[in-house]
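Structural description and commentary
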Amino acid sequence: MLSSRPLLFSLTMGLAVFGWEPSAQAQSAADSQRRLEAAIAAAPLAEPTSEGKALREFYRGRQGQAAWNADSAEILLREVRALATAQGLDPASYALPPAGSDVDGDVLVSATLLRFGRDLAIGAVLPARNVGGFGAETRNDFDGARFLKALAEGKALAEQIDAASPHYVGYTRLREGLEKARAIAAAGGWPTLPDGAKLVPGETDDRVPVLRRRLIASGDLGEGFAEGRTYDAPLAEAVKRFQARHGLDADAAIGGKTLAHLNVPADARARQIAVNLERWRWMPRSFGRYHIAVNIAAQQMEVVEDGNVTMTMRVVVGDIKHPTPSMNTTMSSVVLNPAWRVPTSIANKEILPKLRKDPNYLTSSKLQIVDYPEGSPESAGDGVDWNAIGKKFPYRLRQPPGPDNALGQLKFNLTDSDDIYMHDTPNRKAFGRSYRALSHGCVRLERPVELGELLLGSRWQGKLADNIAANRSTRTLMLERTIPVYMMYWTAWADESGNLHFRDDLYGHDRRLMTALDRARAPASRPVSGRTAGAS
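Residues numbered from 1 in each chain as written. Predicted model: local features only at pLDDT ≥ 70, side-chain atom pairs only at ≥ 80, totals over all residues. Heavy atoms only, no water.

Examining helix α16 (residues 448-456)
Burial runs high along α16: seven of the nine residues are buried. Restricting attention to buried positions, one finds in α16 the residues P448, V449, L451, G452, E453, L455 and L456. Phi turns positive one or two residues past the end of α16, at G457, with a value near 110°. (Buried < 20%, exposed > 50% of the residue type's maximum accessible area, 1.4 Å probe, protein only. Helix = DSSP H or I, 4+ residues; strand = E, 2+ residues; numbered from the N terminus.)

Section: the pattern of salt bridges
Across all of its chains, the model carries 27 salt bridges by this definition. Notably, a salt bridge pairs D371 with R396, separated by 3.6 Å at the nearest N-O pair. Taken together, the residues D371 in the loop between β6 (368-369) and β7 (397-399) and R396 in the loop between β6 and β7 connect sequence positions 25 residues apart. We classify D371 as partly exposed; its relative accessible area is 37%. (Salt bridge = Lys/Arg side-chain N within 4 Å of Asp/Glu carboxyl O.)

Considerations on the pairing of strand β4 (residues 327-336)
Most of β4 sits out of view: seven of its ten residues are buried. Of the pairings in the sheet, the one linking β4 to strand β12 (residues 475-488) comprises nine bridges and is antiparallel in character. Bridging from a neighbouring strand, V335 pairs with T476 of β12. (Pairing = 2+ DSSP bridges.)

Observations concerning the confidence of the model for the protein
On average, residues of the protein carry a pLDDT of 90, and 92% of them reach 70 or more. pLDDT under 50 marks residues 1-24. Its contacts with residues more than four places away, or in other chains, come to 49 contacts. Taken together, the stretch residues 524-536 has pLDDT below 50 and engages in 38 contacts with residues farther than four places along the chain or on a different chain. (pLDDT = per-residue confidence, 0-100. Contact = heavy atoms within 4.5 Å.)

Let's talk about unusual backbone geometry
The phi dihedral of Q63 falls on the positive side, at around 55°, and the residue is not glycine. Within the fold, Q63 resides in the loop between α4 (48-61) and α5 (70-86). Phi is positive for D306, which is not a glycine, with a value near 50°. By the element assignment, D306 lies in the loop between β2 (300-305) and β3 (308-318). Of the residues examined, D306 reaches a relative accessible area of 43% and is grouped as partly exposed.

With respect to the sheet that holds β7
Within the open sheet, the three strands sit side by side as β5-β7-β6. Their pairing is antiparallel. At either end of the open sheet lies a strand with only one pairing partner, and these are β5 (340-341) and β6. Examined bridge by bridge, β5 and β7 share two bridges and lie antiparallel to one another. Bridged to R341 within β7 is R398.

Take a look at the structure:
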């Protein structure tokens, strides 16, 4: 019996019997409340304030009575671990710690169930910006007391979890992708392709059979193409599919970047998927019928209406030193022929050093010092000894509208965005590159005029470019409606066909989130409230 029911054995040894002992029934209500409060205070809670409040509310609704017996706890906790695995959460996070009394035991079961519901509904980690979230203050609410009450009333855990977890198709697809990735890893993963000279179609090489097995394992190549040392056309098409899924130039050449992506282990990809599932749990309950979504890691923007993508384009995002922040904001206006007011940080760190080398840099870059009359020698910096100036640029700089303006012809204003906005750019070559993390944090648009016409409404269709050319003045136009804008950091997702896509962790957010999830796995234990803990 013990070997067939290890959890029940652990519960029995660690918690005695769930429910109050007969002697406890005779105790005063105040004493019972004291024991319950002590048990809640001692429970290893990830967020003691919010979770403690939910536990108190739950037991207050039960008049302080126990909620679980050994059998119900065993069934629920076993189901929790299975569901956690399927949802990309670590089942070890929901192991039941030893208890010092029957009261402790009941509270510990409640706390474990509460934590699982909370982790799945709103995430195990706060959605801080340094891990790819919108900010800790944007976290959703979770009614933990209601969740526990439903389970204590015998309602199915799976149903409660389905109601609490994200209902986005992107989350569902990625969760299914996690199952596929784990199955591949469990089957031994895929082979590692040896290093060597660049491999291109038409060549015969001993690495080609390994490449075939690698791509068959990930579903990019059919099993009927497993044989052959020659890099033939079907294999080239499979490599292109792989490269497209990983944001690489789809040229079929196996160079350093493609080789590095081929050799990422399957279990590492599964871990990457789990990290992105956590980000889905941070998302608002609804994006809204009409919104703009920017995937920072993929350097891609989409306009979405009623679940359908109506426009997509490449974008340039912030470089590693100036990362584009994840954010949940809105867009309500667009500026035509914008002037560029140079941020202080750029003036200090980039323009001042250039002026020390070339005093005419302001003139050649069409920059003006706004502290002096426009067109005056002083506005061009004439007579200033730039080498005598310290680290801080002492003037305000402006680049007037024009073909060379850093913001191009259009600037889309974002609300409360830390001076981050979306805009045109005179540098169009960047959109032909697969790596486009090149800006100072703002998002440069591949087709800004098309976006402007879409957002300004039908009366502007096919007219915006001509209007901008005919009227060079700077003007602000209100959009037809205020648009929610979500700048998100997805390094893994699944498309409508179930194909998994991966991107590099540009800013290290994945790495930091993995560390945060590991830390969150087991809340710090506190002293148990009652007797010495039993054996586990």
